[in-house]
Amino acid sequence: FPSEQLSSLASLAEPPEALLPCRAPQHRRPSEAAQGVGLAAFPTGPGRPLRAMGSPAVELGFAEEAVDPWRLRREHFPSKVGGRPAWLGESGLPGPSALRCGVCGQPCAFLLQLYAPLPDRPDAFHRGLFLFACRQPACYRHAGPGPGSLRVFRNQLPRKNDIYSYEPPPEEPPLEEVPGATVQLKCGAKLCKVCGCLGPKVCSKCHKAYYCSKDHQVRDWKAGHKASCAQSDQIETAIPDHKFLFTEYEIVIEPEEMESSSVGEKDQKDLDKNKDPTCVASPYEAVEALDENMLEAMAKHETEEDKIFQKFKERTSLEPEQVLKVHFLNLGSKNASAEFNVWIV
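Residues numbered from 1 in each chain as written. Predicted model: local features only at pLDDT ≥ 70, side-chain atom pairs only at ≥ 80, totals over all residues. Heavy atoms only, no water.

## Description of the overall build of the chain
When helices and strands are counted, the chain shows five helices and 11 strands. Split into buried and exposed, the 345 residues of the chain put 41% on the buried side. For the chain, the exposed area adds up to about 19,000 Å²; of that, 54% sits on carbon and sulfur atoms. (Helix = DSSP H or I, 4+ residues; strand = E, 2+ residues; numbered from the N terminus. Buried < 20%, exposed > 50% of the residue type's maximum accessible area, 1.4 Å probe, protein only. Areas by Shrake-Rupley, 256 points an atom, 1.4 Å probe, with all protein chains shown as cover.)

What follows is the structure, encoded as C-alpha coordinates:
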(Lines give C-alpha, C1' and ligand atoms only; values in the text may rest on other atoms or scores of the structure.)
Protein backbone atom coordinates (compact mmCIF):
# COMPACT_ATOMS: atom_id res chain seq x y z
CA PHE A 1 0.00 0.00 0.00
CA PRO A 2 1.12 3.63 -0.41
CA SER A 3 4.38 4.27 1.42
CA GLU A 4 3.12 7.54 2.85
CA GLN A 5 0.23 5.83 4.60
CA LEU A 6 0.70 5.40 8.32
CA SER A 7 -1.23 2.40 9.59
CA SER A 8 -1.66 2.48 13.35
CA LEU A 9 -2.65 -0.94 14.61
CA ALA A 10 -4.24 0.77 17.62
CA SER A 11 -3.45 -0.24 21.18
CA LEU A 12 -2.89 -3.97 21.56
CA ALA A 13 -3.46 -3.85 25.31
CA GLU A 14 -4.53 -7.06 27.10
CA PRO A 15 -6.97 -8.58 26.75
CA PRO A 16 -8.85 -9.19 23.86
CA GLU A 17 -9.05 -12.84 22.85
CA ALA A 18 -7.43 -14.66 19.91
CA LEU A 19 -9.27 -12.74 17.19
CA LEU A 20 -8.86 -9.39 17.35
CA PRO A 21 11.74 -2.10 2.00
CA CYS A 22 14.76 -4.12 2.78
CA ARG A 23 18.47 -3.62 3.49
CA ALA A 24 21.45 -5.96 3.50
CA PRO A 25 21.96 -8.16 6.58
CA GLN A 26 23.77 -6.38 9.41
CA HIS A 27 24.46 -9.47 11.56
CA ARG A 28 23.17 -7.61 14.59
CA ARG A 29 23.90 -8.85 18.06
CA PRO A 30 20.99 -8.95 20.49
CA SER A 31 20.99 -6.14 23.00
CA GLU A 32 22.43 -6.73 26.46
CA ALA A 33 18.94 -6.54 27.86
CA ALA A 34 17.82 -9.36 25.57
CA GLN A 35 20.85 -11.49 26.41
CA GLY A 36 20.25 -11.13 30.13
CA VAL A 37 16.58 -11.92 30.07
CA GLY A 38 17.02 -15.69 29.68
CA LEU A 39 13.81 -17.65 29.33
CA ALA A 40 11.73 -14.48 29.28
CA ALA A 41 12.73 -14.15 25.63
CA PHE A 42 13.10 -17.45 23.82
CA PRO A 43 14.78 -16.29 20.59
CA THR A 44 18.23 -14.88 21.42
CA GLY A 45 19.33 -14.15 17.86
CA PRO A 46 18.66 -10.98 15.84
CA GLY A 47 14.93 -11.68 15.68
CA ARG A 48 14.51 -11.47 19.46
CA PRO A 49 11.03 -10.85 20.86
CA LEU A 50 9.59 -7.45 21.57
CA ARG A 51 10.02 -5.93 24.95
CA ALA A 52 12.81 -7.71 26.75
CA MET A 53 12.77 -6.73 30.40
CA GLY A 54 14.74 -3.54 30.94
CA SER A 55 14.52 -2.49 27.29
CA PRO A 56 13.70 1.13 26.37
CA ALA A 57 10.23 2.59 25.78
CA VAL A 58 10.57 2.52 21.97
CA GLU A 59 11.87 -0.32 19.80
CA LEU A 60 12.36 -0.35 16.03
CA GLY A 61 12.08 -3.17 13.54
CA PHE A 62 14.19 -3.52 10.39
CA ALA A 63 13.53 -5.91 7.49
CA GLU A 64 16.66 -7.85 6.56
CA GLU A 65 17.39 -10.91 4.48
CA ALA A 66 17.47 -13.91 6.78
CA VAL A 67 21.03 -15.12 7.32
CA ASP A 68 19.62 -18.43 8.58
CA PRO A 69 16.29 -19.08 6.81
CA TRP A 70 15.51 -21.96 9.19
CA ARG A 71 15.07 -19.40 11.97
CA LEU A 72 11.88 -18.21 10.26
CA ARG A 73 10.10 -21.51 10.95
CA ARG A 74 7.35 -21.52 13.53
CA GLU A 75 9.30 -23.57 16.10
CA HIS A 76 11.81 -20.70 16.36
CA PHE A 77 9.12 -18.07 17.10
CA PRO A 78 10.09 -15.67 14.32
CA SER A 79 9.29 -12.04 13.66
CA LYS A 80 9.16 -11.64 9.91
CA VAL A 81 7.76 -9.89 6.87
CA GLY A 82 6.10 -11.73 3.99
CA GLY A 83 6.14 -15.34 2.93
CA ARG A 84 3.59 -17.66 4.50
CA PRO A 85 2.49 -17.11 8.11
CA ALA A 86 4.43 -19.16 10.67
CA TRP A 87 1.38 -19.87 12.83
CA LEU A 88 2.14 -19.97 16.55
CA GLY A 89 -0.84 -22.04 17.75
CA GLU A 90 -3.17 -24.32 15.86
CA SER A 91 -6.56 -23.45 17.36
CA GLY A 92 -8.55 -20.27 16.92
CA LEU A 93 -6.88 -19.43 13.59
CA PRO A 94 -8.79 -16.99 11.36
CA GLY A 95 -10.92 -18.54 8.65
CA PRO A 96 -11.25 -17.37 5.04
CA SER A 97 -14.13 -14.97 5.77
CA ALA A 98 -12.11 -13.18 8.47
CA LEU A 99 -9.22 -12.65 6.04
CA ARG A 100 -11.15 -10.96 3.24
CA CYS A 101 -10.63 -7.29 2.42
CA GLY A 102 -13.52 -5.20 3.68
CA VAL A 103 -13.46 -3.09 0.50
CA CYS A 104 -12.98 -5.43 -2.48
CA GLY A 105 -13.79 -8.75 -0.81
CA GLN A 106 -10.60 -10.46 -2.06
CA PRO A 107 -8.38 -12.56 0.26
CA CYS A 108 -5.81 -10.51 2.15
CA ALA A 109 -2.14 -11.50 1.98
CA PHE A 110 0.03 -12.13 5.02
CA LEU A 111 2.17 -9.02 5.58
CA LEU A 112 4.09 -9.55 8.84
CA GLN A 113 4.12 -11.21 12.23
CA LEU A 114 5.74 -10.25 15.53
CA TYR A 115 6.75 -12.50 18.38
CA ALA A 116 5.64 -10.48 21.41
CA PRO A 117 5.53 -12.78 24.46
CA LEU A 118 4.27 -11.81 27.90
CA PRO A 119 6.39 -13.89 30.33
CA ASP A 120 4.40 -12.55 33.29
CA ARG A 121 1.17 -13.93 31.82
CA PRO A 122 0.93 -17.73 32.13
CA ASP A 123 -1.56 -17.89 29.26
CA ALA A 124 0.59 -15.73 26.94
CA PHE A 125 4.16 -16.91 27.53
CA HIS A 126 4.22 -17.35 23.75
CA ARG A 127 2.34 -14.72 21.77
CA GLY A 128 2.31 -13.74 18.11
CA LEU A 129 0.71 -10.75 16.38
CA PHE A 130 -0.27 -11.31 12.74
CA LEU A 131 -1.06 -8.60 10.17
CA PHE A 132 -2.76 -9.25 6.82
CA ALA A 133 -3.22 -6.65 4.08
CA CYS A 134 -5.11 -6.40 0.80
CA ARG A 135 -2.89 -6.39 -2.27
CA GLN A 136 -5.05 -3.87 -4.15
CA PRO A 137 -3.67 -0.29 -3.70
CA ALA A 138 -7.06 1.23 -4.54
CA CYS A 139 -8.58 -0.31 -1.40
CA TYR A 140 -6.46 1.97 0.81
CA ARG A 141 -8.11 5.07 -0.62
CA HIS A 142 -11.40 3.96 0.87
CA ALA A 143 -12.74 6.43 3.41
CA GLY A 144 -15.59 6.27 5.86
CA PRO A 145 -16.90 3.74 8.37
CA GLY A 146 -16.91 0.02 7.78
CA PRO A 147 -14.28 -2.72 7.42
CA GLY A 148 -10.98 -1.66 5.92
CA SER A 149 -8.15 -3.42 4.12
CA LEU A 150 -6.08 -4.55 7.12
CA ARG A 151 -6.67 -7.50 9.42
CA VAL A 152 -4.89 -8.04 12.76
CA PHE A 153 -4.98 -11.25 14.81
CA ARG A 154 -3.31 -12.49 17.95
CA ASN A 155 -2.36 -16.08 18.78
CA GLN A 156 -0.98 -17.09 22.19
CA LEU A 157 -0.01 -20.16 24.20
CA PRO A 158 1.19 -20.99 27.73
CA ARG A 159 4.76 -22.14 28.11
CA LYS A 160 3.61 -25.71 28.69
CA ASN A 161 1.66 -26.74 25.61
CA ASP A 162 1.21 -29.63 23.18
CA ILE A 163 3.12 -28.02 20.30
CA TYR A 164 6.48 -26.71 21.54
CA SER A 165 9.14 -27.82 23.99
CA TYR A 166 9.15 -26.28 27.44
CA GLU A 167 12.78 -25.26 26.83
CA PRO A 168 14.02 -22.68 24.28
CA PRO A 169 14.57 -23.93 20.72
CA PRO A 170 18.08 -25.08 19.75
CA GLU A 171 20.46 -22.56 18.26
CA GLU A 172 21.82 -25.07 15.74
CA PRO A 173 20.22 -25.66 12.31
CA PRO A 174 18.02 -28.76 12.04
CA LEU A 175 19.69 -31.99 10.96
CA GLU A 176 16.90 -32.91 8.56
CA GLU A 177 15.81 -30.62 5.76
CA VAL A 178 12.17 -29.60 6.15
CA PRO A 179 10.08 -28.58 3.10
CA GLY A 180 9.90 -24.82 2.74
CA ALA A 181 6.11 -24.64 2.48
CA THR A 182 3.92 -26.23 5.15
CA VAL A 183 0.57 -27.42 3.82
CA GLN A 184 -0.66 -29.15 6.98
CA LEU A 185 -0.47 -28.37 10.70
CA LYS A 186 0.42 -30.99 13.30
CA CYS A 187 -3.22 -31.17 14.36
CA GLY A 188 -4.14 -32.24 10.83
CA ALA A 189 -5.67 -28.96 9.66
CA LYS A 190 -4.97 -28.29 5.98
CA LEU A 191 -3.47 -25.01 4.78
CA CYS A 192 -4.12 -23.15 1.55
CA LYS A 193 -1.52 -24.00 -1.09
CA VAL A 194 -1.35 -20.35 -2.15
CA CYS A 195 -1.33 -18.29 1.06
CA GLY A 196 -0.69 -20.69 3.96
CA CYS A 197 -3.95 -19.88 5.79
CA LEU A 198 -6.66 -22.40 6.70
CA GLY A 199 -7.81 -24.26 3.58
CA PRO A 200 -11.30 -25.74 4.00
CA LYS A 201 -11.76 -26.24 0.24
CA VAL A 202 -10.19 -29.15 -1.67
CA CYS A 203 -9.59 -29.86 -5.35
CA SER A 204 -12.50 -32.02 -6.49
CA LYS A 205 -10.27 -33.97 -8.89
CA CYS A 206 -7.17 -34.97 -6.92
CA HIS A 207 -8.52 -34.34 -3.38
CA LYS A 208 -5.01 -33.40 -2.23
CA ALA A 209 -4.67 -29.65 -2.86
CA TYR A 210 -6.42 -27.40 -0.36
CA TYR A 211 -7.42 -23.76 -0.67
CA CYS A 212 -8.92 -20.96 1.39
CA SER A 213 -11.11 -19.72 -1.44
CA LYS A 214 -12.17 -20.15 -5.05
CA ASP A 215 -9.91 -17.22 -5.93
CA HIS A 216 -6.81 -19.06 -4.76
CA GLN A 217 -7.87 -22.34 -6.36
CA VAL A 218 -8.11 -20.57 -9.72
CA ARG A 219 -4.75 -18.88 -9.12
CA ASP A 220 -3.07 -22.22 -8.37
CA TRP A 221 -4.75 -23.90 -11.36
CA LYS A 222 -3.23 -21.28 -13.67
CA ALA A 223 0.16 -21.48 -11.92
CA GLY A 224 0.59 -25.19 -12.61
CA HIS A 225 -1.95 -27.33 -10.76
CA LYS A 226 -3.71 -27.94 -14.05
CA ALA A 227 -0.70 -29.98 -15.14
CA SER A 228 0.22 -31.54 -11.77
CA CYS A 229 -3.28 -32.45 -10.64
CA ALA A 230 -2.96 -35.95 -12.12
CA GLN A 231 0.51 -36.41 -10.57
CA SER A 232 -0.57 -36.81 -6.96
CA ASP A 233 2.98 -37.40 -5.68
CA GLN A 234 4.05 -33.85 -6.66
CA ILE A 235 1.10 -31.85 -5.39
CA GLU A 236 2.31 -31.21 -1.82
CA THR A 237 6.00 -30.76 -2.66
CA ALA A 238 5.83 -28.56 -5.76
CA ILE A 239 4.59 -25.11 -4.69
CA PRO A 240 4.85 -22.65 -7.61
CA ASP A 241 5.20 -18.90 -7.30
CA HIS A 242 1.62 -17.64 -7.34
CA LYS A 243 2.63 -13.94 -7.43
CA PHE A 244 0.54 -13.37 -4.31
CA LEU A 245 2.79 -13.47 -1.25
CA PHE A 246 5.05 -10.62 -0.20
CA THR A 247 8.82 -11.25 -0.28
CA GLU A 248 10.01 -12.83 2.97
CA TYR A 249 12.44 -11.03 5.31
CA GLU A 250 13.40 -11.35 8.92
CA ILE A 251 12.41 -8.51 11.28
CA VAL A 252 15.35 -7.50 13.44
CA ILE A 253 14.30 -5.69 16.63
CA GLU A 254 16.52 -2.94 18.05
CA PRO A 255 16.02 -0.29 20.73
CA GLU A 256 15.62 3.28 19.56
CA GLU A 257 18.91 4.77 20.66
CA MET A 258 17.99 8.42 20.29
CA GLU A 259 15.17 10.15 22.13
CA SER A 260 13.07 12.65 20.18
CA SER A 261 14.64 15.53 22.13
CA SER A 262 18.23 14.47 21.42
CA VAL A 263 18.79 14.99 17.70
CA GLY A 264 22.33 15.15 16.40
CA GLU A 265 23.63 18.22 14.60
CA LYS A 266 23.79 16.51 11.20
CA ASP A 267 20.33 14.95 11.62
CA GLN A 268 18.88 18.28 12.70
CA LYS A 269 20.31 19.98 9.60
CA ASP A 270 18.72 17.29 7.43
CA LEU A 271 15.39 17.78 9.16
CA ASP A 272 15.62 21.56 8.77
CA LYS A 273 16.45 21.14 5.10
CA ASN A 274 13.46 18.89 4.58
CA LYS A 275 11.18 21.44 6.24
CA ASP A 276 12.63 24.44 4.37
CA PRO A 277 11.34 24.48 0.76
CA THR A 278 14.01 27.00 -0.27
CA CYS A 279 16.85 24.55 0.41
CA VAL A 280 16.92 22.75 -2.92
CA ALA A 281 19.86 21.54 -4.95
CA SER A 282 18.39 20.95 -8.41
CA PRO A 283 15.59 22.13 -10.75
CA TYR A 284 13.76 18.88 -10.03
CA GLU A 285 13.84 19.57 -6.31
CA ALA A 286 12.71 23.15 -6.99
CA VAL A 287 9.61 21.93 -8.83
CA GLU A 288 8.94 19.47 -6.04
CA ALA A 289 9.29 22.28 -3.49
CA LEU A 290 6.84 24.45 -5.44
CA ASP A 291 4.33 21.64 -5.37
CA GLU A 292 4.77 21.34 -1.63
CA ASN A 293 4.31 25.10 -1.22
CA MET A 294 1.07 24.99 -3.18
CA LEU A 295 -0.19 22.14 -1.05
CA GLU A 296 0.79 23.92 2.14
CA ALA A 297 -0.96 27.09 0.98
CA MET A 298 -4.14 25.10 0.43
CA ALA A 299 -3.98 23.59 3.90
CA LYS A 300 -4.46 26.83 5.86
CA HIS A 301 -5.83 25.21 8.95
CA GLU A 302 -3.33 22.76 10.33
CA THR A 303 -5.02 20.21 12.56
CA GLU A 304 -3.62 18.59 15.66
CA GLU A 305 -3.35 15.31 13.72
CA ASP A 306 -1.14 17.05 11.14
CA LYS A 307 1.22 18.22 13.88
CA ILE A 308 1.41 14.75 15.42
CA PHE A 309 2.05 13.15 12.03
CA GLN A 310 4.76 15.70 11.24
CA LYS A 311 6.53 14.91 14.52
CA PHE A 312 6.22 11.21 13.71
CA LYS A 313 7.80 11.73 10.27
CA GLU A 314 10.65 13.73 11.76
CA ARG A 315 11.39 11.05 14.30
CA THR A 316 11.23 8.18 11.82
CA SER A 317 13.48 10.09 9.40
CA LEU A 318 16.37 9.51 11.82
CA GLU A 319 16.12 5.78 11.00
CA PRO A 320 14.60 5.81 7.49
CA GLU A 321 15.02 2.06 6.96
CA GLN A 322 12.75 1.08 9.84
CA VAL A 323 9.57 -0.77 8.95
CA LEU A 324 8.20 -1.01 12.46
CA LYS A 325 8.00 1.18 15.55
CA VAL A 326 6.76 -0.11 18.90
CA HIS A 327 5.95 2.34 21.69
CA PHE A 328 5.50 0.77 25.11
CA LEU A 329 3.00 2.42 27.45
CA ASN A 330 2.80 2.80 31.22
CA LEU A 331 6.47 2.07 31.84
CA GLY A 332 7.04 1.63 35.54
CA SER A 333 3.68 -0.03 36.10
CA LYS A 334 3.08 -3.74 36.42
CA ASN A 335 1.27 -3.74 33.04
CA ALA A 336 4.09 -2.04 31.14
CA SER A 337 4.97 -5.13 29.12
CA ALA A 338 1.34 -5.74 28.16
CA GLU A 339 0.38 -2.40 26.64
CA PHE A 340 1.94 -0.92 23.54
CA ASN A 341 1.17 0.74 20.24
CA VAL A 342 2.52 -0.67 16.97
CA TRP A 343 3.03 1.36 13.79
CA ILE A 344 3.87 -0.07 10.39
CA VAL A 345 6.04 2.57 8.74
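## Overview of the pairing of strand β2 (residues 58–64)
With seven of its seven residues buried, β2 lies for the most part within the structure. Of the two faces of β2, both are covered, the one formed by Val 58, Leu 60, Phe 62 and Glu 64 as well as the one formed by Glu 59, Gly 61 and Ala 63. For β2 and strand β9 (residues 249–255), the ladder comprises six bridges, and the chain directions are antiparallel. Pairing of Phe 62 across the sheet is with Val 252, part of β9. (Pairing = 2+ DSSP bridges.)

## Re the nonpolar core
With 50 residues, the main nonpolar core has Trp 87, Leu 112, Leu 114, Phe 132, Ile 251 and Leu 324 as its most contacted residues. At the level of secondary structure, the elements contributing two or more residues to this core comprise β4 (109–115), β5 (126–133), β6 (150–157), β9, β10 (322–328) and β11 (340–344). When residues of this core are assigned to their parent elements, the largest contribution, six residues, is made by β4. (Core = buried A, V, L, I, M, F, W, Y, C linked by side-chain atoms within 4.5 Å.)

## A word on the packing of aromatic side chains
Remark: the centre distance and the inter-plane angle together describe each pair of aromatic rings, the angle taken between the planes. Tallied over the full model, the rule gives six aromatic pairs. Relative to Phe 153, the ring of Phe 132 has its centre 5.9 Å away and its plane inclined at 80°; by these criteria the two rings are edge-to-face. Here Phe 132, found in strand β5, pairs with Phe 153, found in strand β6; they are 21 residues apart in sequence, far enough to count as distant. Grouped by ring-pair contacts, the aromatic residues Trp 87, Phe 110, Phe 130, Phe 132 and Phe 153 constitute a single cluster. (Phe/Tyr/Trp six-rings, centres within 6.5 Å; stacked < 30°, edge-to-face > 60°.)

## Considering the side chain of His 216
As for its placement among the helices and strands, His 216 is situated in helix α2 (residues 214–228). Take His 216: its relative accessible area is 1%, and that puts it in the buried class. Sequence-distant contacts of His 216, defined by excluding residues within four places in its chain, comprise Pro 107, Cys 192, Val 194, Cys 195, Tyr 211 and Phe 244. (Contact = heavy atoms within 4.5 Å.)

## Remarks on α2
Helix length check: α2 (15 residues) gives 18 Å between terminal C-alpha atoms against 21 Å at 1.5 Å per residue, more than 12% under. Buried within α2 are the following residues: His 216, Gln 217, Asp 220, His 225 and Ser 228. Summarising the contacts, the buried residues of α2 are in contact with β8 (210–211). (Expected span 1.5 Å × (residues − 1).)

## A look at the environment of Phe 77
Among the secondary structure elements, Phe 77 is positioned in the loop between β2 and β3 (80–81). According to the relative accessible area criterion, Phe 77 is buried, its value standing at 3%. Taking the C-alpha atoms as reference, Phe 77 lies 8.3 Å from His 126; in sequence the two are 49 residues apart.

## Side note on the pattern of salt bridges
By the definition in use, this model includes 10 salt bridges. Across the pair Arg 100 and Asp 215 runs a salt bridge, and its minimum N-O distance is 3.2 Å. In this pair, Arg 100 is assigned in the loop between β3 and β4 and Asp 215 in helix α2, connecting sequence segments 115 residues apart. Taking the shortest distance from any N to any O, the salt bridge between Lys 243 and Asp 241 comes out at 3.3 Å. Of the two residues, Lys 243 and Asp 241, neither departs from the other in class, the shared state being exposed. Among the charged side chains, a network of salt bridges with common partners joins Asp 68, Arg 71 and Glu 171. (Salt bridge = Lys/Arg side-chain N within 4 Å of Asp/Glu carboxyl O.)

## Overview of the pairing of β10
Burial analysis of β10 places six of its seven residues in the buried class, which makes it a mostly covered element. Bridge analysis of β2 against β10 gives five bridges, and the strand direction is antiparallel. Looking across to β10, one finds that Leu 60 is bridged to Lys 325.

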